[in-house]
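# Observations on the three-dimensional arrangement
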Amino acid sequence: MIGLTGVRVEHIEGAGRALIASRSFEAGDLVLQEVPALQWAKDTPADLIASFLSVSASAQAAILDTARTVPQEAAKSQRALARTKLALQLAQSYDGPRVLDLVEALLSISDLNAHSFEGGMAIFMTASKANHSCDPNCGHSTKVDGELRYYATRAIAEGQSITISYLDGAWSMSRAARQSVLLEQKLFDCACLRCSGPDNCRGVACTDSACGGRAVCYNNASWQCKLCGTLTQPASMCLAVEEELTLAAAAIQKGALRCTVSHLDSVIASVRERLSPTHNLAVALLQAHSPRDGSDAAVQMLATLECTAVGCQSLGCTRIGVSAHAPCPALVGEAVTAFLVCHRKGKDKMKAAASIALAAAIGGRYLPWATLQFGAHDPAVRIMEDVCRKGRETAT
């Protein structure tokens, strides 16, 4: 069953079938509601096949129709070859013509189109047609009323493609990292607008000391300063600085709990100043920082990722408690984490005032998106709503 029929399916050259908005949507609008056509236990391919065989012939045909065409070069990937090997093993348990083709098609659909749902996996007939973007116009949730929901994260005009992100943590990943994961797991090369533009997760300080800007990577041979605008960054120098700090970060991540806080802080500062405050290494190091100072690290990471989302490279912006940018709906998970650690820290009398103020600021900005993502009855959302209510009462 599908609700909210403001979408249609069209064939787009080079992208296959796509979900298209048949009317306009504003940020926060529900775009699609759908219950699963097929459910099975996670990491249990035999249950996938058994569930498929238990539904009607018409439902089976519709499920098989969700299959995506895999490019010939992607069909040779390690994941695709492993899937073929698994299909051969599973097919031995069944009789009938073209059993192997059917099993391999189901495994491919599971890999490329399935959503995590209620502790298992599920296929949604219409929702599966939404294409990927590293900067999508929709968020998706399976936490409300036993259905999958797509909601607009910004205004969507009639005729635009409905896009979601197939990746977790996309705003903390460089273009190369995103494309590597998508090629390996989803078997396609991403050519979205974000992947075609500057990589804000890979920046270096401009070599012109008078400029003070950050050069971002367009490809490994082209680095352009976003402030002065000139292509003056030697790729070899940029890559050398990245490599040096990557090695330092890797050493910390391998033994983060044994690393002193001051040493970790110094490496984070070096990454932010010599590379950029939104470099993916800065985010990785803030994640390593979280076990020591969850509140400060979580808030700073949220501000850093918000800057990444809008292409901001300002050191000062990511040093304050809450960034000056609009909330990014794709970061609602990070926002809830930052809110909860601030709320927890607010119980410490020595740090209560500042932590409660930060929790209220984050909650006020992200409560609508947290409600859409996790539902109004989610415990964290209820705490966030309570903090926001108390803040409004105090203000009046």
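Residues numbered from 1 in each chain as written. Predicted model: local features only at pLDDT ≥ 70, side-chain atom pairs only at ≥ 80, totals over all residues. Heavy atoms only, no water.

### Examining the packing of helix H3 (residues 78–91) against helix H4 (residues 99–113)
When two helices pack together, you describe them by how their axes are tilted relative to each other and by the distance separating the axes. H4 packs onto H3 with a crossing angle of 135 degrees between their chain directions and a minimal axis gap of 9 Å. Relative to H4, H3 is oriented oblique. Classified by chirality, the crossing of H4 by H3 is right-handed. The residues of H4 that touch H3, namely those facing Arg79, Arg83, Thr84, Leu86, Ala87, Leu88, Leu90 and Ala91, are Val99, Leu100, Val103, Glu104, Leu107, Ser108 and Asp111. (Axes fitted to C-alpha atoms, helices over the stretch in contact; angles between N-to-C directions. Helix = DSSP H or I, 4+ residues; strand = E, 2+ residues; numbered from the N terminus. Parallel < 35°, antiparallel > 145°, perpendicular 65-115°, else oblique. Left-handed = near helix turned anticlockwise from the far one by under 90°. Contact = heavy atoms within 4.5 Å.)

### Structural notes on the packing of helix H12 (residues 332–345) against helix H13 (residues 352–374)
Contact geometry of H12 with H13 gives a least axis separation of 8 Å together with a crossing angle of 145 degrees. Read as a crossing pair, H12 and H13 show a hand that is left-handed. In contact with Val332, Gly333, Ala335, Val336, Ala338, Phe339, Cys342, His343 and Lys345 of H12, H13 contributes Ser355, Leu358, Ala359, Ile362, Gly363, Tyr366, Trp369, Ala370, Gln373 and Phe374. By residue class, the composition of the contact of H12 with H13 is 13 nonpolar, five polar and one charged. (Nonpolar A, V, L, I, M, F, W, Y, C, P; charged D, E, K, R; others polar.)

### Looking at the pairing of strand S9 (residues 138–144)
Burial of S9 is extensive: five of the seven residues sit out of reach of the surface. Sheet analysis places S9 next to strand S10 (residues 147–152), joined by five bridges and oriented antiparallel. Residue pairing for S10: Ser141 is matched across the bridge by Arg149. The loop that links S9 with its antiparallel partner S10 comprises two residues; one of these, Asp145, has a positive phi angle of about 60 degrees. (Buried < 20%, exposed > 50% of the residue type's maximum accessible area, 1.4 Å probe, protein only. Pairing = 2+ DSSP bridges.)

### Quick notes on the pairing of strand S13 (residues 214–219)
Note: strand S12 (residues 199–205) against S13, four bridges, orientation antiparallel. For Val204, the partnering residue across the bridge sits in S13 and is Ala215. Direction of pairing for S13 relative to strand S14 (residues 222–225): antiparallel, over a ladder of four bridges. Among the inter-strand pairings, Ala215 is bridged to a residue of S14, identified as Cys225.

### A word on the packing of aromatic side chains
As enumerated under the stated definition, the model contains three aromatic pairs in all. With a centroid separation of 6.1 Å and 90 degrees between ring planes, the pair formed by Tyr166 and Phe188 is classed as edge-to-face. Taken together, the residues Tyr166 in the loop between strand S11 (163–164) and helix H5 (175–185) and Phe188 in the loop between H5 and helix H6 (193–196) connect sequence positions 22 residues apart. (Phe/Tyr/Trp six-rings, centres within 6.5 Å; stacked < 30°, edge-to-face > 60°.)

### Description of the confidence of the model for the chain
Taken residue by residue, the chain gives an average pLDDT of 84. The fraction at 70 or more is 87%. Within the chain, S11 carries the highest mean pLDDT (96), whereas strand S1 (residues 2–3) carries the lowest (56). (pLDDT = per-residue confidence, 0-100.)

### Structural notes on H4
For H4, which comprises 15 residues, the first-to-last C-alpha distance of 21 Å matches the rise-based estimate of 21 Å (1.5 Å per residue) to within 8%. Those residues of H4 that sit buried are Val99, Val103, Leu106, Leu107, Ser108, Ile109, Ser110, Asp111, Leu112 and Asn113. (Expected span 1.5 Å × (residues − 1).)

### Here we look at the pattern of salt bridges
In total, this model carries ten salt bridges according to the counting rule given. Its salt-bridge partner being Glu10, residue Arg8 comes within 2.5 Å of it at the nearest N-O pair. You can call Arg8 partly exposed: its relative accessible area is 32%. Its relative accessible area of 30% is what places Glu10 among the partly exposed residues. For Asp111, the salt bridge goes to Arg83, with nearest N and O atoms at 3.0 Å. On the criterion of sequence distance, the pair formed by Asp111 in helix H4 and Arg83 in helix H3 is long-range, its members being 28 residues apart. (Salt bridge = Lys/Arg side-chain N within 4 Å of Asp/Glu carboxyl O.)

### Re the nonpolar core
Ranked by size, the top nonpolar core spans 46 residues in total, and within it Val271, Leu275, Leu302, Leu331, Ile362, Tyr366 and Met384 carry the most contacts. Tallying contributions element by element places H12 first for this core, with seven residues. Listed in part, the 18 residues of the second largest apolar core include Val7, Ala21, Leu32 and Tyr150. (Core = buried A, V, L, I, M, F, W, Y, C linked by side-chain atoms within 4.5 Å.)

### Comments concerning helix H1 (residues 45–54)
Within the span of H1, buried status applies to Leu48, Ile49, Ser51 and Phe52. Seen from one end, H1 has its buried residues packed into an arc of 165 degrees, which puts them on one side. Of the surrounding elements, those touching the buried residues of H1 are strand S5 (38–40), helix H2 (57–64), H3 and H4. (Arc of directions from axis to C-beta.)

### Some words on the sheet that holds strand S6 (residues 115–117)
The antiparallel open sheet is built from three strands, whose spatial order is S5-S7-S6. Whereas interior strands pair on both sides, the edge strands pair on one side only; in this sheet they are S5 and S6. Geometrically, the sheet is characterised by an average inter-axis angle of 35 degrees between neighbouring strands, direction not taken into account. Judged from the three bridges that link them, S5 and strand S7 (residues 120–123) form a sheet pairing that is antiparallel.

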